[in-house]
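Examination of the molecular architecture
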Amino acid sequence: MDWVEKVVLVTGGANGIGKAISQAFLNAGATVIVADVDAMNGETVVEEWKKDNLNAVFCKINLVDVAAIIKMFEDLVGRYGKIDVLVNNAGKGIFKPLLELSIEEWDEVIHLNLRAAFVTSQQFAKYHEPNCYGRIINIASTRYLMSEPNSEAYAASKGGIVSLTHALALSLSGKGITVNAISPGWIENHHYEQLRPADHAQHPSKRVGKPADIARTCLFLADEQNDFITGQNIVVDGGMTKKMIYE
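The paragraphs below set out a description of the structure included in this document.

1. Description of the side chain of asparagine 226
One can find asparagine 226 in the loop between helix H7 (211-222) and strand E7 (233-236). A residue is classified by how much of its surface remains accessible, and asparagine 226, at 18% relative accessible area, is buried. Polar contacts involving the side chain of asparagine 226 include one to the main-chain carbonyl oxygen of phenylalanine 220, which spans 2.6 Å. For asparagine 226, the contacting residues outside a window of four places in its chain are Arg135 and Phe220.

If you want it as structure tokens, here you go:
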């Protein structure tokens, strides 16, 4: 696919999985807007990419602020005329015992992980030209269907992302936009070389995941030829959610 004239917006694109997604689209030739609250890492990584003649732009934003999202889309569409691909990657988790998790902390996770994805998708659709190429890719998690203790806010937000994905896919059907989700399993963002053999061996794939695994899935879903895939949640977890475990 020719990405040279495509504009991609990646939320939470300055670190971890989001950084790998941004890098993948940049390497393919797209213009990538890295939208992140982390100005230090965002500006640093974008400057490094620019040295390699990659078309990266940093946009500092707190995605909990709805007005800021609306303004960001106004500015970006005014500058580029369009946004072709939206990757809703930004998110956080607060893992605390149930009786210690405050309503404010619950709201913080839900607003960043779920509400922001709805608002960005809404704005994406607002500016999308009818029957033109468009892709929305939401980063969920395997925690949408499996949990550990003390993960209520994060699990609820990621379950909401999966449901939001298929609802958006139907609402935007026939407009040239596909909407899909990716649910990563264990993706090691730091110190991959320090993982134990047992960490890798427990996966049916025999290795722990890397951010690049999610980035490649984004490129696949964003390809123009893959317009028959919409409303889906693709699990990228090395097979772990299919593994029956008895202790």
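2. Notes on the sheet that holds strand E2 (residues 31-36)
One open sheet accounts for seven strands, arranged E3-E2-E1-E4-E5-E6-E7; its pairing is parallel. The open sheet is flanked by strand E3 (56-60) and E7, the only strands paired with a single partner. Strand-to-strand twist in this sheet, taken as the mean axis angle between neighbours without regard to direction, amounts to 20°.

3. Observations regarding the packing of aromatic side chains
Per the stated rule, a full pass over the model turns up two aromatic pairs. Where tryptophan 3 meets phenylalanine 25, the ring centres are 5.1 Å apart and the plane angle is 75°; that geometry is what we call edge-to-face. Of this pair, tryptophan 3 sits in the segment before strand E1 (7-11) while phenylalanine 25 is found in helix H1 (residues 16-28), placing the two residues 22 residues apart along the sequence. The burial state of tryptophan 3 is the same as that of phenylalanine 25; both residues are buried. Ring geometry for phenylalanine 95 and tyrosine 154: centres 5.5 Å apart, planes at 55°, overall tilted. Of this pair, phenylalanine 95 sits in the loop between strand E4 (85-88) and helix H4 (103-127) while tyrosine 154 sits in helix H5 (residues 152-171), and the two are 59 residues apart along the sequence. Classification of tyrosine 154 by relative accessible area gives buried; the value is 16%. Taking the ring centre of tyrosine 133 as reference, the NZ or CZ of lysine 6 above it sits at 5.3 Å. Note that lysine 210 overlies the ring of tyrosine 192, its terminal NZ or CZ placed 4.7 Å from the centroid.

4. Quick notes on the pattern of salt bridges
This structure, assessed with the given rule, holds 10 salt bridges. In this structure, glutamate 148 and arginine 143 form a salt bridge, with 2.9 Å as the shortest nitrogen-oxygen distance. Exposure remark for arginine 143: the relative accessible area of 24% places this residue in the partly exposed category. One salt bridge connects arginine 216 with aspartate 213, and the closest N-O pair in it is separated by 2.6 Å. Remark: aspartate 213 and arginine 216 occur in helix H7; sequence separation between them is three residues, near one turn of the helix. On the basis of relative accessible area, aspartate 213 is assigned to the buried category, the value being 11%. What emerges from the salt-bridge pattern is a single network uniting Arg207, Asp213 and Arg216.

So, how was this worked out
- Residues numbered from 1 in each chain as written.
- Predicted model: local features only at pLDDT ≥ 70, side-chain atom pairs only at ≥ 80, totals over all residues.
- Heavy atoms only, no water.
- Helix = DSSP H or I, 4+ residues; strand = E, 2+ residues; numbered from the N terminus.
- Buried < 20%, exposed > 50% of the residue type's maximum accessible area, 1.4 Å probe, protein only.
- Polar contact = N/O pair within 3.5 Å; in protein donor to acceptor, adjacent residues only side chain to side chain.
- Contact = heavy atoms within 4.5 Å.
- Pairing = 2+ DSSP bridges.
- Axes fitted to C-alpha atoms, helices over the stretch in contact; angles between N-to-C directions.
- Phe/Tyr/Trp six-rings, centres within 6.5 Å; stacked < 30°, edge-to-face > 60°.
- Lys NZ or Arg CZ within 6 Å of the ring centre and 35° of its normal.
- Salt bridge = Lys/Arg side-chain N within 4 Å of Asp/Glu carboxyl O.

Taken by themselves, the reported measurements are silent on function.
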